[in-house]
Every structure is written in C-alpha cells, then in structure tokens.
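Now for the letters of each chain:
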Amino acid sequence: MGMRTEAMRRRRTTRLSIAAIAALAAALALAGCGNRAKDTQSDSSGAAIPKGATVIDFWYAIGGRNGEGVVKLVDEFNASQSKVHVKATYQGDYYAHATKLQAALVAKNQPDVVMLEIAQVGQFGYSKALADLGKYMTKDEIGKFQEGLLKNSYIDGKFVAAPFNRSTPILYVNKTMLKEAGLDPAGPKDWNELRTYAKKLSNKEKGVYGFEVPIDIWFFEAGVFQKNGKILSEDGKKFVFAEEGGAEIVRLWQQMIREGGMKVPPGQDYNAWDVAASDLITQKVAMMMISTASLSGLIAQAEGKFELGTAFLPAGEIFATPTGGANLAVLEKSDAKSKQAAAAFIKFLASKDKAAFFSEWTGYMPVTTEAVQAESIQALYSKHPQYKTALDQLQYAQTRPMIKGYREMTVKIQEELKKAMYDLSISPEEAARNAQAAAQAVLDSIE
Amino acid sequence: MAERIIPGPGARSAARLAGSALRAAILVAISAVFVFPFLWMLTTSFKTLGETIVFPPRLLPESWKPENYELAWKNGRFPTYLFNSVFISLSILACQLVVVVPAAYAFACRAFAGKKLLFGLVLCGLMIPGQATFLPIYLLFSELGLIDTYAALIAPMAASSFGIFLIAQSFRQVPLEIIEAARLDKAGTFKLIARILMPMAKPALITFALFSFIAHWNDYFWTLSMTTSDAIRTLPIGVAMLKNVENVKSWHVIMAGNMILVAPILAIYLLASKYIKTAFTYSGVK
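Conventions and cut-offs
- Residues numbered from 1 in each chain as written.
- Chains lettered and ligands numbered in written order.
- Predicted model: local features only at pLDDT ≥ 70, side-chain atom pairs only at ≥ 80, totals over all residues.
- Helix = DSSP H or I, 4+ residues; strand = E, 2+ residues; numbered from the N terminus.
- Rg over C-alpha atoms; globule rule 2.2 N^0.38 Å.
- Buried ≥ 20, exposed ≤ 12 C-beta atoms within 10 Å, placed from the backbone.
- Contact = placed C-beta atoms within 7 Å.
- Core = buried A, V, L, I, M, F, W, Y, C linked by C-beta atoms within 7 Å.
- Domains from an automatic or database assignment.
- Pairing = 2+ DSSP bridges.
- Nonpolar A, V, L, I, M, F, W, Y, C, P; charged D, E, K, R; others polar.
- Axes fitted to C-alpha atoms, helices over the stretch in contact; angles between N-to-C directions.
- Expected span 1.5 Å × (residues − 1).
- pLDDT = per-residue confidence, 0-100.

K.L.:
Please explain the overall build of chain B as it appears in this structure.
P.N.:
A tally of regular secondary structure across chain B gives 14 helices and 0 strands. Reading the helices (α) and strands (β) of chain B from amino to carboxyl end gives α-α-α-α-α-α-α-α-α-α-α-α-α-α. Computed over its C-alpha atoms, the radius of gyration of chain B comes to 26 Å, more than 25% above the 19 Å expected for a compact globule of 286 residues. Here chain B holds 286 residues, and 35% of them are scored as buried. Summarising the internal contacts of chain B: among those between residues at least 6 apart in sequence, 74% fall at separations of at least 24.

If you want it as structure tokens, here you go:
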C-alpha cells in the first residue's frame, strides 16, 4: 500500500515537472518574440525620449572610466536639446565593434554613429560605408580640429571621420631612476641615446631593465617613420617598409635585447601594454612606450613611489609618431535626417568645453585647438606637464596606413617581428622581409 | 646472528600511512593548481589598485575593500545583466531538454528510415564550429527582425548536438530487458522515457545540464553579436565593460565583477556536487 502511493506520488511529480518545462518553453518562445528591447518611449538607459525627436544609435568601443566619460557626454547632449536623442551602446573593444559593424552593414541594421579605431577608417571608408561629413559641417567647423589628428579622416578627399578619443604613443620615464644613474631625466632624444640609457639603467641581478616596448604595429610604424620610411607605397598596393627603416628598427630592438637593456613584454595586443605599464610602476623597468591615454592612471600609481616623466619617442633620422585612438563616423546608409542629427551630436562633442572635459577625464588629447586653450586644460598642463607631451609631439604625426584588412596584415607583421625578438639569429633584414611578404600576401588576397 | 625482520602490523600501517599521506599531498598539489587562480581572483577583488600590481606580488590585501564590489555593481547595469544571465541560461537549458531527450530516445531506442543519416547530421552539428554558422544565423535573425531580442539569444541554442549525442549514448546503455519489461507492463513512450530511461541516464543528464548552463552563462561572443542594447545583455559583457582600454586597468574592480560572474556557478557546482557523485555511481544492473 505504502509502496504504491509512493510510486504514484513520484509519477505525478515527474509528469508535473515535464509539463512545467514544456509550458515554460512555450511561454519563452512567445515572450522572446514579443519582447523587443527597442521601444520608442525610453532608451536603454531608461531616459525619456522627447516626442518628435530624431533618435540616432551610437556605438562606442571604450569601457571602464573612459567609457563613463562617453556616457556622461551623451547624457549632457540629450539634456541640452529636444530635437535629437542619442542612444549610446557599448559594443566591445575596437575590434569586436568593427566586426559587429561589418555584420550589421550586411544585415542592414547598422547604427548611425560609430567609433572607429583610426586604422579602421580606411576599411569602412573605401567600402563606401561612411557618409561625407563635409555636407553637414562647414569648413570652419572641420578646421577647428588639430591638423595632426586629421591624417586618418579623409577618404578620396571626403571628410568621413571626426577625431574623438585620440592619442599618440609616448616615452614614459622613471625620472628618479634616470637621475640616480647620472642621466638626463628628460629622457633620451634619439635611438643612440635610447640604447646607451637602456644599457646603463639595466641591472641584471635585480632583474631591472632599462627599456620595454610592446612588439606592436604601432611602435613598429613609429620606428619606420623615424627612419623617414613608409609602410605602404603611395597607391596603397605594395608594402615597402622592409627597405625603408623596417630592418633598422628591428636591428635596434635586437641590439638592445642582446645588451640586456630591453625587455619584450609577453602577451597579445593590450595585454603586453598592461605588462609594460605595471613594470614601470613596480620599477622593474626605467623607460617604456605605450599610449598617452594611460597617463592619468600611471600618474596616480607613480605618486609617492617615483617621479614620472614623459618624452617624445626618440628620433631615428627624424622625430615621428603615428597617432592612435578612434574617430567618429556616420554611416552612409542612415537617412538624411539622421545624418544631420548625427553631425549635430559630433559638433557638440567637438565644442570647446566638451572636448576639454573629455580630454581631462581620460588623458586622450584635446581634439580641437580651442579646447587646448580651455582653462581646465591649461590648468591641467601646468599641474601635470606630462599631459602636454603628446600634444607637442603631434607636429611630427604621420598618417597610418588606411587600407582594407590592415588589421589582419598587422597580425602577420607582428608575428614575424616577435619571432626575431625571441630568436636573435634571425637577421633584421630577414625579419623585415618576412614581415613584408606575409603582409603583402594578405593584401594581394584582398585585391 | 641475523635477525629475521618480519614486517609487523605497525610497519605495515606506517607504510599505508605514508602511502595515503603521499596520495593526499598529490591531491592537494593538483587541487591547488585549480583553486589558486580563483583564490587570487577572490583576494584581488578586495585589494586597492596599487596592491594589484605590486612587486613582489602579495596574496592578501592589507585591508579588505568590499567597496570594489559596489564600484563594479554600479558600473553599467549589473542587476539587469544578472537577471538576463539567469533567465537566458535557464531558458536555453529548458528548451534543450525538451528537444534533446525525445530526440535521444528516437535515435537510441527506435528504428526508423534514415536514422543513420539523421544521426550523422546531428554529429555534423557537433563538428561545425559556431563561428562558421554565426553569419547565416545572424542574417536569418536579422531578416526576421529579431536582432536584439531574447529570441535571438535563446532560439538558436534550443537544440544541442552534444546533448543528443551524449544522452542517446547513455540511453543505448540501458539494457534491452528493462525496456522490454517496461513495454510488457504497458508503459507508454512518455512513461518509458520519464520513468525508466531518464532516471537511468541521470549522470549524462546532469553532466549535460551543467555543461550547457555554464557554457551559456559564460557566453560572450554570441550575446555581444546578437544584441545592440544593454537591456537584454548578460554579465560577461558587463564584466568586459569594466576594462579600461588603453589606460591602466582597474584589476580590483574587474576581479570583483568576475567574482559576481563566477559565484553563482561555483555555488551551483558545490550544491550539485553531491548529486553529481551519486549520479555517477548510479548504474542500471548490478
């Protein structure tokens, strides 16, 4: 009797739970289809959208504190007027964002404004995905941007990308260590000085290196430019760096590694940057190169430990630097009204106070000349002159390659360069030629 | 005078003791390899930024900072992300069980035309990586106007080749006598599955449920690709947003976010471990 009721009870529970699962699944299928996240009354952050406002989608690609700065500016813009409402959404880092954008363009559900890492401007610009902002902005409005930041903004003579969060690589130095070694705390001026400084600052017993640089396309481009060379031929069809400084920068790095003066940070992409940054803070390295965008964090961390200085990238034959960070672009597929609205948003971000605010908040450069003159920026420069280095270095800025698929090519170049850093028997010429051939193969496969 | 050495009971137990001590030491060493990263994550989530990159590294913070969790929680919309993570992972699991169990039964216990071919197709699904099918599915959902909906996050995952394969395999191991005995007792298909096959395939079912839940809980790529607004996004994206690109990363806050992300999974595992063990020792015929 007892057995039987137990069995019945169990049977009932089993049947009940299976019925529940089936019901849940059916409910989900219905709920899922009906539940669109996009509703018209309020945006994803819960803010109300004014009636009749043109709503534009803005995709951005920087997280953390810098991303908070973006959100603040968007909120301010939305509160400042009622004609345009910007819906801002984070879409992963620069590369995830670009991939999403590619998929969205194919599926025709692209946003209106996007944040393109500057080397991506060519990729989307030459596929005619970007709108000509010159139609919505006057020459004067475009002329306000710093000239050095406009090198990756034009496609076929059209202004398609407005500078937003922009940087250059700079040399960070531990001034305290340089002084102790009897060196000029302002840092090395050229490649020869860099080499001697690095050698002198290294201490094998303590595991301290003089210099550290991520083996990254950015610093390789810088090296080629500093030897007055070019990465690409004028027509963008041939890689030419092997004979134009590519071998020289590899030779310099190999020499410094051989002399025990240089450390190669392990890790891919930004992971290597993080290693370089923490090595500087823990005083395991005296000089290193990463972006000026790390400055605010590094100043805070160095405080009380050592005196942090910044300097231009040391000159080869000339001073030279690529620029970095991202530009804002509007998509060609958006309708005219949305394009107009997007341009109004971009103009708002480029206005004196807003550009100054964003620079101060993040450590990126002020993108317009008038923002440099803003009181808050001038006050910042007198308190922390390190912020001015990137700005002054802009006069030596050079254009980064702007071709389709450049990201894939840079991955190949970096692979070959890294091989030569770990295997010093590979000659600089051979490493540069291999890198060039690998990149050219990708380029040829696209053409 | 040579003394004959006879290993007494004392010597034998000493040898046994040494043996079990050695075994314990090896087990501790192996588990340390797995536990240590989590321990490091846990302590880092209570450090100051300076302590996260100090050299030589220290395991414990000088003073514990629970406010890191508040910083992580307030960055973005963590309550929404948490709800979505739970809702989406559980919905996927529910849909999968509804599809997978009957399919596994059909493949394991029924004879029908084209069975081998269809099972081969299921196995193909197991072998084709998600990256290859991503674009067609994305375009399909875009055509249907379902990008940025829960449907786009749940529906494509509603069937699982891995699940069908795993559970069909374990259904096959159920002795035919038991199935025939059940049929003789006039058990219907539904009853057969629910009362005989499923309890006997418990290890496989629990393993599959955990695998599925963890995989979709952790999923970053699909969720990021299919969504364009924060309202339906999940925890892994929230954690990724804590990263400061190009600037010094706030490892303490990122690790606090990671703790929020992994804590539910660890809790489920700890709660379920008892059942998993009994499930794995369960077998049909003694």
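Next comes the rest of the account.
K.L.:
I tried to follow the overall build of chain A on my own but got confused; where do I start?
P.N.:
When helices and strands are counted, chain A shows 18 helices and 14 strands. Expressed as a percentage of its 447 residues, the buried residues of chain A come to 50%. Within chain A, contacts between residues at least 6 apart in sequence are counted, and of these 73% link residues at least 24 apart.

K.L.:
Could you clarify how one ought to interpret the nonpolar core in this entry?
P.N.:
Soluble globular proteins: nonpolar side chains tend toward being buried together. By size, the foremost hydrophobic cluster in this structure holds 149 residues, and its most contacted members are Phe 211, Met 287, Met 288 and Ala 329 of chain A. Lining this core are residues from two domains, each supplying at least three of them: domain 1 (54–166 + 324–385) and domain 2 (169–322 + 405–446) of chain A. Not counting chain neighbours up to four residues away, the residues in contact with Met 288 of chain A comprise Tyr 172, Phe 211, Glu 212, Val 213, Ala 276, Asp 279 and Leu 280 of chain A. Met 157, Ala 168, Met 200 and Leu 205 of chain B belong to the second-largest nonpolar core, a separate cluster that totals 41 residues.

K.L.:
Explain the pairing of strand E13 (residues 324–330) of chain A here, please?
P.N.:
For a regular strand, side-chain orientation follows a simple rule: the groups alternate between the two sheet faces. All names here are of chain A. Counting buried residues in E13 gives 7 out of 7 residues, a clear majority hidden from the surface. As defined by bridge partners, strand E3 (residues 113–117) adjoins E13 across 5 bridges and the pair is classed as antiparallel. Residue pairing across strands places Glu 117 opposite Ala 326, the latter belonging to E13.

K.L.:
Could you clarify how one ought to interpret the sheet that holds strand E7 (residues 169–174) of chain A in this entry?
P.N.:
For sheets, the rule is that strands pair by backbone hydrogen bonds, running either parallel or antiparallel. Residue and element names in this part refer to chain A. One open sheet holds the 5 strands; their spatial order is E9-E8-E10-E7-E11, and the pairing between them is mixed. Across the chains shown, the open sheet's two edge strands, defined by having one partner strand only, are strand E9 (262–263) and strand E11 (308–311). Of the strand pairs in this sheet, strand E8 (residues 209–212) and strand E10 (residues 285–291) are connected by 3 bridges, and their pairing is parallel. The residue of E10 that forms the bridge with Glu 212 is Met 288.

K.L.:
I would appreciate a short explanation of the interface of chain A and chain B in the present structure.
P.N.:
One widely used convention gives an interface's size as the accessible area the parts lose upon coming together. Taken together, the contact between chain A and chain B spans 48 residues of the former and 41 residues of the latter. Those elements that provide at least two residues to the side of chain A that touches chain B are helix H1 (2–34), helix H2 (64–80), strand E2 (84–90), helix H3 (94–107), helix H10 (269–281) and helix H11 (295–302) of chain A. Ranked by residue count, the leading element in the side of chain A that touches chain B is H1 of chain A, at 11 residues. Partitioned by chemical class, the residues of the side of chain A that touches chain B number 20 nonpolar, 20 polar and 8 charged.

K.L.:
What am I meant to see in the sheet that holds E3 of chain A here?
P.N.:
Residues and elements named next belong to chain A. One open sheet holds the 5 strands; their spatial order is E2-E1-E3-E13-E6, and the pairing between them is mixed. If you trace the sheet from one side to the other, it starts and ends with E2 and strand E6 (161–167), each paired once. Between one strand and the next, the sheet's axes are offset by a mean angle of 25 degrees, whatever the strand orientation. Where strand E1 (residues 54–60) meets E3, 2 bridges bridge the pair, whose relative direction is parallel. Note that in E3 the partner of Trp 59 across the bridge is Val 114. Of the strands in this sheet, E1, E2 and E6 are in contact with H2, which crosses E2 at around 165 degrees.

K.L.:
What should I look at first to understand helix H5 (residues 115–127) of chain B in this one?
P.N.:
The periodicity of an α-helix, 3.6 residues per turn, causes residues three or four positions apart to be oriented the same way. Between the first and last C-alpha of H5 of chain B there are 19 Å, a value that for 13 residues agrees with the 18 Å anticipated at 1.5 Å per step. A small share of H5 of chain B lies buried, amounting to 0 of its 13 residues.

K.L.:
It is not clear to me how the domain arrangement of chain A should be interpreted in this structure. Could you clarify?
P.N.:
All names here are of chain A. By domain assignment, chain A separates into domain 1 (54–166 + 324–385) and domain 2 (169–322 + 405–446). The straight-line distance from the C-alpha centre of domain 1 to that of domain 2 is 29 Å. With 11 residues of domain 1 at the contact, the number on the domain 2 side is 13 residues. When residues of the side of domain 1 that touches domain 2 are traced back to their parent elements, those giving at least two are helix H4 (120–125) and E13. Classifying every residue of the side of domain 1 that touches domain 2 gives 4 nonpolar, 7 polar and no charged.

K.L.:
Is there a simple way to think about unusual backbone geometry in this case?
P.N.:
Note: most peptide bonds trans; most residues except glycine with negative phi. For Asn 228 of chain A, which is not glycine, the phi torsion reads 65 degrees and is therefore positive. As for its position among the elements, Asn 228 of chain A is in the loop between helix H8 (217–226) and helix H9 (246–258). Residue Asn 228 of chain A is classed as exposed on the basis of its C-beta count, with 12 C-beta atoms lying within 10 Å. Positive phi, close to 65 degrees, is recorded for Lys 186 of chain B, a residue that is not glycine.

K.L.:
In this structure, what is going on with the confidence of the model for chain A? I would like to understand it.
P.N.:
Residue and element names in this part refer to chain A. Confidence along chain A averages 89 in pLDDT terms, with 89% of residues attaining 70 or more. Every residue in residues 12–16 scores below 50 in pLDDT, and together they form 2 contacts with partners more than four places removed in sequence or on other chains. pLDDT under 50 marks residues 24–41. Its contacts with residues more than four places away, or in other chains, come to 27 contacts.

K.L.:
Quick question: what am I supposed to make of the environment of Lys 352 of chain A here?
P.N.:
Residues and elements named next belong to chain A. Take Lys 352: it is sitting in helix H13 (residues 352–362). Using a count of 17 C-beta atoms within 10 Å as the deciding quantity, one classes Lys 352 as partly exposed. Apart from residues no more than four positions distant in its own chain, Lys 352 is found in contact with Thr 368, Glu 370, Ala 371 and Ala 374.

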